[in-house]
Amino acid sequence: MLVWTDASSRERITSAYAQAARHLHPTVPDDPEQATSLFLTWLGDPNKHGKRRWLVVWDDLTDPADVRDLWPPHDQSNGRMLVTTRRRDHSLSVQGRQLIDVDVYTPEEARFFLVHALGEAGVPTPTRTWTTSPRRWGTFLWRWARPTATSRRVWLGL
């Protein structure tokens, strides 16, 4: 199971968790907070996920205090959590969490990395000069590899 979400607000995280819960359970509460609770319970109980591996990614966490109760369990051997943030709050390095400082790519470094990574993956690069806009790269990749219902199930681990 892979859940990757914009972590700039509590609502965005609970919305992603609710969507994941809908892929796991036939009946899910309409309230995102209740659906989130159902999803977190699934993550925390190896009997529920049948020892399936899971990864939760929060991209650009802006307020750690606001999402204190949304962290997946840290003691599950089949699950991992990855958070990107510019914050350095002490709360980010508790309960077995490890804070790793990673410098930001310059636009040139980002372009170089992406072009080479895509080339190694066999993804054709556009013939026109690439801009530094990640949004343009994302649009290109989306058009190149439009997910189907089958591929979404694979990415979600279903």
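Report on the accompanying structure. (Residues numbered from 1 in each chain as written. Predicted model: local features only at pLDDT ≥ 70, side-chain atom pairs only at ≥ 80, totals over all residues. Heavy atoms only, no water.)

**A closer look at the packing of helix H1 (residues 10–24) against helix H2 (residues 32–44)**
A pair of packed helices is captured by two measures, namely the crossing angle of their axes and the spacing between those axes.
Here's step 1: Between H1 and H2, the shortest axis-to-axis distance is 8 Å and the interhelical angle comes to 60 degrees. The angle between the axes of H1 and H2 places the two elements in the oblique class. Here H1 and H2 pass one another in a crossing that is left-handed. Residues Arg-10, Thr-14, Tyr-17, Ala-18, Ala-20, Ala-21 and Leu-24 of H1 touch H2, and the partners they reach there are Pro-32, Glu-33, Ala-35, Thr-36, Phe-39, Leu-40 and Trp-42. (Axes fitted to C-alpha atoms, helices over the stretch in contact; angles between N-to-C directions. Helix = DSSP H or I, 4+ residues; strand = E, 2+ residues; numbered from the N terminus. Parallel < 35°, antiparallel > 145°, perpendicular 65-115°, else oblique. Left-handed = near helix turned anticlockwise from the far one by under 90°. Contact = heavy atoms within 4.5 Å.)

**Some words on H1**
Here's step 1: Here H1 contains 15 residues, and its C-alpha end-to-end distance of 21 Å stays within 8% of the 21 Å for a straight helix at 1.5 Å per residue.
Here's step 2: Among all positions of H1, only Arg-10, Ile-13, Thr-14, Ala-16, Tyr-17, Ala-18, Ala-20, Ala-21 and Leu-24 are buried.
Here's step 3: On the buried face of H1, the contacting elements are strand S1 (2–6), H2 and strand S2 (54–61). (Expected span 1.5 Å × (residues − 1). Buried < 20%, exposed > 50% of the residue type's maximum accessible area, 1.4 Å probe, protein only.)

**What about the sheet that holds strand S3 (residues 79–85)?**
Here's step 1: Within the open sheet, the 3 strands sit side by side as S1-S2-S3. Their pairing is parallel. The sheet is open, and its two edges are formed by S1 and S3, each paired on a single side. Taken pair by pair, the neighbouring strands of this sheet meet at an average axis angle of 10 degrees, ignoring direction.
Here's step 2: With 5 bridges joining them, S1 and S2 adopt parallel strand pairing. (Pairing = 2+ DSSP bridges.)

**Some words on the pattern of salt bridges**
Here's step 1: Evaluated as defined, the whole model comprises 4 salt bridges.
Here's step 2: Note that Asp-89 and Arg-87 form a salt bridge whose closest N and O atoms lie 2.8 Å from each other. (Salt bridge = Lys/Arg side-chain N within 4 Å of Asp/Glu carboxyl O.)

**A word on the layout of surface pockets**
Rolled over the atoms, a probe sized like a water molecule indicates the empty space that remains.
Here's step 1: If you add up the space inside the largest pocket, you get close to 1,400 Å³.
Here's step 2: Surrounding the largest pocket, 37 residues form its lining, Leu-82, Val-83, Thr-84, Thr-85 and Val-102 being those nearest its centre.
Here's step 3: Elements with a contribution of two residues or more to the lining of the largest pocket: S2, S3, helix H4 (107–120) and helix H5 (134–144).
Here's step 4: Broken down by element, the lining of the largest pocket gets its largest block of residues, 7 residues, from S3.
Here's step 5: Across the lining of the largest pocket, the residue classes break down as 19 nonpolar, 10 polar and 8 charged. (1 Å grid on protein atoms, 1.4 Å probe; cavity = no way out; pocket = protein on both sides within 12 Å on 5 of 7 lines; lining within 4 Å. Points joined across faces, edges and corners; volume = space filled by probe spheres on them. Nonpolar A, V, L, I, M, F, W, Y, C, P; charged D, E, K, R; others polar.)

**Details of the nonpolar core**
Here's step 1: Formed by 24 residues in total, the largest nonpolar core has its most connected members in Met-1, Val-3, Tyr-17, Phe-39 and Trp-58.
Here's step 2: Looking at this core, the elements that each hand over two or more residues are H1, H2 and S2.
Here's step 3: The element contributing the most residues to this core is H1, with 7 residues. (Core = buried A, V, L, I, M, F, W, Y, C linked by side-chain atoms within 4.5 Å.)

**Concerning unusual backbone geometry**
Here's step 1: For Asp-60, which is not glycine, the phi dihedral falls at a positive 65 degrees.
Here's step 2: Relative accessible area serves as the criterion here: at 32%, Asp-60 is assigned to the partly exposed category.

**A word on the packing of aromatic side chains**
Within a pair of aromatic rings, the relevant descriptors are the distance that separates the centres and the angle that separates the planes.
Here's step 1: Throughout the structure, instances matching the rule amount to 3 aromatic pairs.
Here's step 2: Both rings, one in Phe-39 and one in Trp-42, keep their centres 6.2 Å apart while their planes meet at 15 degrees; by these two values the pair is stacked. One end of the pair, Phe-39, and the other, Trp-42, are both in helix H2, 3 residues apart, so they sit about a helical turn from each other. An identical accessibility class is assigned to Phe-39 and Trp-42; each is buried. (Phe/Tyr/Trp six-rings, centres within 6.5 Å; stacked < 30°, edge-to-face > 60°.)

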